[in-house]
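Close look at the chain arrangement
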Amino acid sequence: MPHPSAMPLRFTLRQLEYFVAVGRAGSIAAAAERVNVSSPSISAAIAQLETEFGIQLFIRQHAQGLSLTPGGRRFLAEAELLLESAEALHELSSDIAEKPRGPINVGCLVTLAPILLAALRRGFEAVCPEARVTQAEANQERLIEMLRRAEIDVAITYDLEIPRDVAFEPLAALPPCAMVSAAHRLAGRSTIALADLADEPMVLLDLPLSREYFLSLFQASDLRPRIAERSRDMAVVRSLVANGYGYALVNIRPRNQQAPDGNALALLRLDGGYRPMTLGLATMRTDRKPRILRAFEDHCRSAIGDDRIPGMVTR
């Protein structure tokens, strides 16, 4: 009779990954979206695990999705440990080979992503060709949630409302500026005071935390903006401004000074010494980071600074 350690395994780490995804998400559909595979593939993987081990892992509830059985909960805990050990072996092989390799999931603030993410990713893949990068764009609150749920490894974002369990490394300061149409009467200036804009119609970037930041600039100067338009989409804000619907406050100075419809914009430095937004990297606090994540952080440090930001004009 063969020794138990010599018996062939009839399950795969991929099947365990799919099972863990369902256990965390509570439904096959949600898990399929998270790991980017079809629902039938996940269903088949769970069925194969249940057959191989002779246990029922889930209780099928048509209205509420799936819930773990008591045995399924114990199986989930052990499966997570096994996957962590497998990832540790992968990281060890990378360290031995002295080459960062493997998957890394990068999140980026939705307003920053169109400007810098593709160039930053391309530069990283050039120096780490064995990296497998996936990307996601979201607002600040969603990025923090994704970090906590391990859906992303790192977020490129601002220092806005960073919770204690998340570490933030600052890379560049982005002072606020005013954006107006190139045909605006103030477009020829290089700088402008917020008081000069208070009576003008404002187009507000209406995203959580960003909205509060921009409005706080008026409060600090004892001014009240005249908000005429709102949008959660920076491209829409740029088009509204370029077409004369008002000015906007922004921290991003893209090299392309045109709205998506081709109309020209002008950016004016804002006088007053207002607190800048700080661009940087957010990660979960941990004593041990995968080599691929450390390599990505090193690349970001070399690519981003007060005098250099991909896709942007700096001071």
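These lines cover the structure that appears in this document, whether it is placed above or below. (Residues numbered from 1 in each chain as written. Predicted model: local features only at pLDDT ≥ 70, side-chain atom pairs only at ≥ 80, totals over all residues. Heavy atoms only, no water.)

Another point: the overall build of the chain. Within the chain, the secondary structure is distributed over 9 helices and 13 strands. In the chain, which comprises 315 residues, the proportion classed as buried is 43%. Taking as baseline every contact in the chain between residues at least 6 positions apart, the subset at least 24 positions apart corresponds to 69%. Here the chain has roughly 16,600 Å² of accessible surface; of this, 51% comes from carbon and sulfur atoms. (Helix = DSSP H or I, 4+ residues; strand = E, 2+ residues; numbered from the N terminus. Buried < 20%, exposed > 50% of the residue type's maximum accessible area, 1.4 Å probe, protein only. Contact = heavy atoms within 4.5 Å. Areas by Shrake-Rupley, 256 points an atom, 1.4 Å probe, with all protein chains shown as cover.)

Below, the discussion takes up the nonpolar core. The tendency in soluble globular proteins is for nonpolar side chains to be buried as a group. Residues I156 and L249 are the most contacted members of the largest nonpolar core, which totals 78 residues. Sorting elements by how many residues they give to this core places helix α9 (residues 291–303) first, with 6 residues. The next biggest cluster of nonpolar side chains, apart from the first, holds 20 residues, and it includes F11, V22, A31 and A79. (Core = buried A, V, L, I, M, F, W, Y, C linked by side-chain atoms within 4.5 Å.)

On to empty space enclosed by the protein. By the definition in use, this model includes 2 cavities of 30 Å³ or more. In this model, the largest cavity occupies a volume close to 70 Å³. Lining the largest cavity, in full, are T111, Y158, L205, S210, F214, M234, V250, N251, I252 and M277. For the lining of the largest cavity, the per-class residue count stands at 7 nonpolar, 3 polar and no charged. (1 Å grid on protein atoms, 1.4 Å probe; cavity = no way out; pocket = protein on both sides within 12 Å on 5 of 7 lines; lining within 4 Å. Points joined across faces, edges and corners; volume = space filled by probe spheres on them. Nonpolar A, V, L, I, M, F, W, Y, C, P; charged D, E, K, R; others polar.)

Mapped onto the elements of the fold, P176 is located in the loop between β6 (166–174) and β7 (177–181). When neighbours within four sequence positions are excluded, P176 is seen to be in contact with Y213, L217, V250, N251, L270, Y274, R275 and P276.

Moving on: the layout of surface pockets. The computed volume of the largest pocket comes to approximately 2,100 Å³. In terms of lining, the largest pocket is formed by 45 residues, of which the most central are E17, P103, N105, A150 and D153. If you list the elements that add at least two residues to the lining of the largest pocket, you get α1 (13–25), α2 (28–35), α4 (70–97), β3 (102–109), β4 (131–138), α6 (140–148), β13 (277–284) and α9. At 8 residues, α4 tops the list of elements feeding residues into the lining of the largest pocket. Taken as a whole, the second largest pocket spans an internal volume of roughly 350 Å³. Along its surface, the second largest pocket is lined by 19 residues, and P114, I115, M234, A235 and R238 are the ones closest to its centre. Listed by contribution, the elements that provide at least two residues to the lining of the second largest pocket are α5 (113–127) and α8 (234–242). A total of 3 residues in the lining of the second largest pocket trace back to one element, the largest contributor, which is α8. Residue composition of the lining of the second largest pocket, grouped by class: 11 nonpolar, 4 polar and 4 charged.

Attention now goes to unusual backbone geometry. Non-glycine residue A150 carries a positive phi angle of around 60°. Within the secondary structure, A150 is located in the loop between α6 and β5 (154–158). With phi around 75°, L209 is a residue other than glycine that occupies positive phi space. Summarising the element assignment, L209 is placed in the loop between β9 (201–205) and α7 (210–220).

Right, let's get into the pattern of salt bridges. On inspection of all chains with the given rule, the structure shows 21 salt bridges. Notably, a salt bridge pairs E17 with R14, separated by 2.5 Å at the nearest N-O pair. Of this pair, E17 and R14 are both found in helix α1, 3 residues apart, which corresponds to roughly one turn of the helix. The exposure class of R14 is partly exposed, given its relative accessible area of 48%. The partner of R211 in a salt bridge is D206, and the shortest N-O contact between them spans 2.8 Å. (Salt bridge = Lys/Arg side-chain N within 4 Å of Asp/Glu carboxyl O.)

Pairing within the open sheet is mixed, and its 5 strands lie in the order β4-β3-β5-β13-β6. Two strands in the sheet have a free side with no partner beyond their single neighbour: β4 and β6. Across the sheet, the mean angle separating the axes of adjacent strands is 20° when strand polarity is ignored. Where α5 meets the sheet, it contacts β3, β4, β5 and β13, and its direction lies at approximately 170° from that of β4. Sitting on the sheet, α9 is in contact with β3, β4, β5, β6 and β13, with an inclination near 45° to β3. (Pairing = 2+ DSSP bridges. Axes fitted to C-alpha atoms, helices over the stretch in contact; angles between N-to-C directions.)

A few words on α8. Counting buried positions along α8 yields 7 of 9 residues, so the element is predominantly enclosed. Buried within α8 are the following residues: M234, V237, R238, S239, L240, V241 and A242. Contacts from the buried residues of α8 go to β7, β9, β10 (226–231), β11 (248–250) and β12 (265–270). Its side-chain oxygen placed 2.8 Å from the backbone nitrogen of A235, D233 serves as the N-cap of α8. Downstream of α8 by one or two residues, G244 has phi in the positive range, about 85°. (Polar contact = N/O pair within 3.5 Å; in protein donor to acceptor, adjacent residues only side chain to side chain.)

Fair warning: the whole summary comes from geometry, so function is off the table for now.
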